[in-house]
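Residues per chain are reported as follows:
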Amino acid sequence: MILNIIYLIGGLAFILVGANMLTDGSSAIAKRWGVSDLVIGLTVVAFGTSAPELVISIVSSINSSAEMAIGNVVGSNLFNILVIVGATAIVKPIVVDRNILTMDIPLVFLSALALLAIGSSTIVDGTPTAIVTRVDGILLLLFFAIFMRYTFSRATGASPDELPEQEEVKEMPLWKSLAWVIIGLAGLIAGGELFVDGASGIASGLGVSDAIIGLTIVAAGTSLPELATSITAAVKGKPGMAIGNVIGSNIFNIFLVLGCAATIRPLPMGNIGEFDLIALTVACFLFWFFGRFFKDKTFTRAEGALMLACYIAYISKLVIETIS
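Described below are features of the structure shown in this document. Keep in mind that what you see is a predicted model, and the values were worked out from it rather than measured.

Take the pattern of salt bridges next. Taken as a whole, this structure holds one salt bridge when the rule is applied. A salt bridge links Lys 317 to Glu 321; the nearest nitrogen and oxygen atoms lie 2.1 Å apart. Of this pair, Lys 317 and Glu 321 both sit in helix H12 (residues 301-323), four residues apart, which is roughly one turn of that helix.

What follows concerns the nonpolar core. Val 74, Leu 78, Leu 267, Phe 287 and Phe 299 are the most contacted members of the largest nonpolar core, which totals 83 residues. Broken down by element, the residue count for this core peaks at 14 residues, all from helix H3 (residues 66-91). With sequence-adjacent residues up to four places away left out, Leu 78 is seen in contact with Val 83, Ala 279, Leu 280, Ala 283, Tyr 311 and Tyr 314.

Between two packed helices, the angle of one axis relative to the other and the distance separating the axes together describe the packing. Direction vectors running N to C along helix H8 (residues 210-222) and helix H9 (residues 224-235) enclose 45 degrees, while the axes themselves pass 4 Å from each other. In terms of axis orientation, H8 runs oblique to H9. Of the residues in H9, those in contact with Ala 220, Gly 221 and Thr 222 of H8 are Leu 224, Pro 225 and Glu 226. Each residue belonging to the contact of H8 with H9 can be placed in one class, and the counts come to three nonpolar, two polar and one charged.

All right, on to the layout of surface pockets then. Its boundaries defined by the atoms lining it, the second largest pocket holds a volume of some 170 Å³. Around the second largest pocket sit Leu 54, Val 55, Ile 58, Val 59, Ile 62, Asn 63, Leu 185, Leu 188, Ile 189 and Glu 193, which together line it. Counting only elements with at least two residues in the lining of the second largest pocket, the list comes to helix H2 (37-62) and helix H7 (174-206). Among the elements that make up the lining of the second largest pocket, the one with the highest residue count is H2 (five residues). Counted by class, the lining of the second largest pocket contains eight nonpolar, one polar and one charged residues.

In total, this model carries nine aromatic pairs according to the counting rule given. With a centroid separation of 6.3 Å and an interplanar angle of 90 degrees, the aromatic rings of Phe 147 and Phe 252 are classed as edge-to-face. Taken together, the residues Phe 147 in helix H6 (residues 134-157) and Phe 252 in helix H10 (residues 239-264) connect sequence positions 105 residues apart. Arranged with centres 5.9 Å apart and planes meeting at 50 degrees, the rings of Phe 285 and Trp 288 form a pair that is tilted. Residue Phe 285 and its partner Trp 288 are located together in helix H11 (residues 274-293), separated by three residues, close to a single helical turn. Residue class for Phe 285 comes out partly exposed when judged on its relative accessible area of 33%.

Running from N to C, H3 and H9 point in directions that differ by 25 degrees, and their axes come no closer than 9 Å. Taken as axis vectors, H3 and H9 run roughly parallel relative to one another. Here H3 runs over H9; the crossing is right-handed. Across from Phe 79, Asn 80, Ile 84, Ala 87, Thr 88 and Val 91 in H3, the residues of H9 making contact are Glu 226, Leu 227, Ser 230, Ile 231, Ala 234 and Val 235. Along the lines of polarity and charge, the residues of the contact of H3 with H9 split into eight nonpolar, three polar and one charged.

Definitions and limits used
- Positions within a chain are numbered from 1, following the residues in the order the chain's sequence is written.
- Totals for whole chains, interfaces and linings use all residues, but because this is a predicted model, local features are given only for residues with pLDDT of at least 70 and pairs of side-chain atoms are given and counted only at 80 or more.
- In computing side-chain values, all of the structure's heavy atoms are included and hydrogens and water are not.
- Whenever Lys or Arg places a side-chain nitrogen within 4 Å of a carboxyl oxygen from Asp or Glu, that contact is recorded as a salt bridge.
- Think of it this way: any DSSP run of H or I at least four residues long counts as a helix, any run of E at least two long counts as a strand, and we number them from the N terminus.
- Residues enter a nonpolar core if they are buried and are Ala, Val, Leu, Ile, Met, Phe, Trp, Tyr or Cys, with the set joined through side-chain atoms within 4.5 Å.
- Only protein chains enter the calculation, and the probe is 1.4 Å; a residue is then buried if its accessible area is under 20% of its type maximum, exposed if over 50%, and partly exposed in between.
- Contacts between residues were defined by any pair of non-hydrogen atoms, one from each residue, lying within 4.5 Å.
- Axis definition: a line fitted to C-alpha atoms, over the contacting stretch in the case of helices. Angles run 0 to 180 degrees between N-to-C directions.
- Any angle that falls under 35 degrees is termed roughly parallel, while one over 145 is termed roughly antiparallel, one within 65 to 115 roughly perpendicular, and all others oblique.
- Only Asp, Glu, Lys and Arg are considered charged in this grouping, and only Ala, Val, Leu, Ile, Met, Phe, Trp, Tyr, Cys and Pro are considered nonpolar; every other residue, Gly among them, is considered polar.
- As defined here, a cavity is a set of points on a 1 Å grid over the protein atoms alone where a 1.4 Å probe fits but cannot get out. A pocket is an open set with protein on both sides within 12 Å along at least five of seven lines, and residues line them when an atom is within 4 Å of a point.
- Grid points are joined across faces, edges and corners, and a volume is the space filled by probe spheres set on the points.
- Within 6.5 Å between ring centres, the rings of Phe, Tyr and Trp (the latter by its six-membered ring) count as paired, and their orientation is classed by plane angle as stacked under 30 degrees, edge-to-face over 60, tilted in between.
- Helix crossings are classified by the rotation of the near helix relative to the far one: an anticlockwise turn of less than a right angle makes the crossing left-handed, while a clockwise turn makes it right-handed.

Okay, structure coming up:
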């Protein structure tokens, strides 16, 4: 068990450092080629923040740990909305732009509904097991392509005041940029293998399913970059970046991460049930509802605390079911 915990922590460290190095190196190369900071932020940086989930879900898919791959996506998205938005709002209330409420957050809700529809085949069609098939994976990737096209069209057609906030891209020598990319990729791959092995070992040692580990430990671990980025952005007075980070990550996780994993190998839902998918859908609805109808389009500290309470209640249910 101790060795598995070391694998888990070491793998996560490799993943987080690797993702950061890969993002910085790729951004520097893109900037050297004349790519704007906005485009880099919408592509390279956005991919970088979802790299932990992408690597772990793909490795889990290859290693036939389907429940961990799906649990990682569902759990990470729940963590992003209920914990990251909740904690960020507690640190500093978040004023949300009208365009985000009417155009971006509904896409997060739509992605959750798409996953709920895929996972409800046992109820709708009476199939014995719900499976995210390769066809589902390809459709999710097509949705992702549409989302990226929509994002670019909005960004290029918007006035400077309407553009999403982006962090400044670091500049570095070409040799260092290439080294960062290579080392970052190596760190992601090695860290993904260690993390999945450690998580699976812990699940076996505790006698729980990969789904529970994926929904909790793996999800929280892979969402640490988003948590740190969003809270830092809120403290610096950049609420648009904090919310945009969560929106982009959730859409990337379902459309890109799960799409890639399912395209590689069909993913049986296993112990990821309708309750987990409904919980994610409800969390996405609250994300939109609180911002849209309460307190001048602001996520208040009270709403942030309520989001955290919802997450604690969800995790408590998983723990009680595991013990009983």
